[in-house]
Amino acid sequence: MDTNNEHTVDIVITNVMSTFNTSCRLNLRTIALNGNNVIYEPKMGKVLMKLRKPMITASIWSSGKIICTGATSEEESKVGARRLARCLQKLGFNVSFSGFRVVNVLAVCSMPFAVHLNNFARNNRTVASYEPELHPAAKYRNKSLKVTIQVFSTGSLTLTGPNVQNVATAVDVKNLIPLPKSCII
């Protein structure tokens, strides 16, 4: 640890979820028969298509709505969505790439100290909840950034937010969580 008591926290983005619309109806059977790396799920009414580069999985509905998961950055998610739209164009659909937006970002990081979860939940009752019978982490909500943080006793954090910027801001040591000395092990 540094003498001035400042820590750096490395954030690893594990999943970026995004959506876009093709502005046309899609025939799922045609995609399933002619597409590459496709899994047809007729009971769910969707097709799963996987791209290798960037590594994403897309859920495609006949309405033209597509949800992409698995990217590790917002830019990678957009590139994967554009590649997916291009694949659908090559299958003969009149696809136009519209309405792209990042819906959810999942990230993990590890704090340089452990946390006593009972004290943490007691000191932050309005924004934190801890039910050890249901889940091993305390859930903390930062309403201003719209980020949910799961705090584990080891100091590991799982963050879920609307975009990468909000998640990175939430982990900033100054904005993080009001951790009083009684919560740090």
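The rules behind each value
- All residue numbers refer to positions counted from 1 along the written sequence of the respective chain.
- Whole-chain, interface and lining totals are the exception, using all residues; otherwise, since this is a predicted model, local features are given only for residues with pLDDT of at least 70 and side-chain atom pairs are given and counted only at 80 or more.
- Only heavy atoms go into the side-chain values, all of them from the structure, while hydrogens and water stay out.
- Counting from the N terminus, the helices are the DSSP runs of H or I reaching at least four residues and the strands are the DSSP runs of E reaching at least two.
- When accessible area is computed with a 1.4 Å probe and restricted to protein chains, residues below 20% of their type maximum are described as buried, those above 50% as exposed, and intermediate ones as partly exposed.
- The contact criterion used is simple: two residues touch if any of their non-hydrogen atoms lie within 4.5 Å.
- Residue burial considers only the protein chains on display, and all accessible areas are found by Shrake-Rupley using a 1.4 Å probe.
- In this description, strands pair whenever DSSP reports at least two bridges between them.
- To get an axis, fit a line to the C-alpha atoms, keeping to the stretch in contact for a helix; angles then go from 0 to 180 degrees between the N-to-C directions.
- Helix span, as expected, comes to 1.5 Å for every residue beyond the first.
- By arc we mean the arc of the directions from the helix axis to the C-beta atoms, nothing more.

1. Section: the overall build of the protein chain
- The helix and strand tally for the protein chain stands at 4 helices and 10 strands.
- Of the regular secondary structure in the protein chain, the N- to C-terminal order runs β-α-β-β-β-β-α-β-α-β-β-β-β-α.
- Considering the protein chain as a whole, with its 185 residues, one finds that 37% of them fall into the buried category.
- Sequence separation of at least 24 residues holds for 59% of the intrachain contacts in the protein chain that already meet a minimum separation of 6.
- Carbon and sulfur atoms form 50% of the exposed surface of the protein chain, whose accessible area is close to 10,800 Å².

2. Side note on the sheet that holds strand 1 (residues 11-21)
- If you trace the 10 strands from one edge of the open sheet to the other, you get 2-3-4-5-1-6-10-9-8-7, paired in antiparallel fashion. The open sheet has two free edges, formed respectively by strand 2 (38-41) and strand 7 (128-130), since each of these has just one partner strand. Averaged over neighbouring strand pairs, the angle between their axes works out to 15 degrees when direction is ignored.
- Relative to strand 4 (residues 56-61), strand 3 (residues 46-51) is paired through 6 bridges, and the arrangement is antiparallel. Paired with Val47 across the two strands is Ile60, which belongs to strand 4.

3. Quick notes on helix 2 (residues 74-90)
- Along its 17 residues, helix 2 runs 25 Å from first to last C-alpha, staying within 8% of the 24 Å computed at 1.5 Å per residue.
- The complete set of buried residues in helix 2 reads Ser77, Gly80, Ala81, Leu84, Ala85 and Leu88. One side of helix 2 holds all its buried residues, which, seen down the axis, span an arc of 140 degrees. Opposite the buried face of helix 2, by more than 90 degrees, sit the exposed residues Glu75 and Lys90.
- Against strand 1, helix 1 (28-34), strand 3, strand 4, strand 5 (65-71) and strand 6 (98-110) lie the buried residues of helix 2.
- At the C-terminal side of helix 2, Gly92 shows a positive phi close to 105 degrees.

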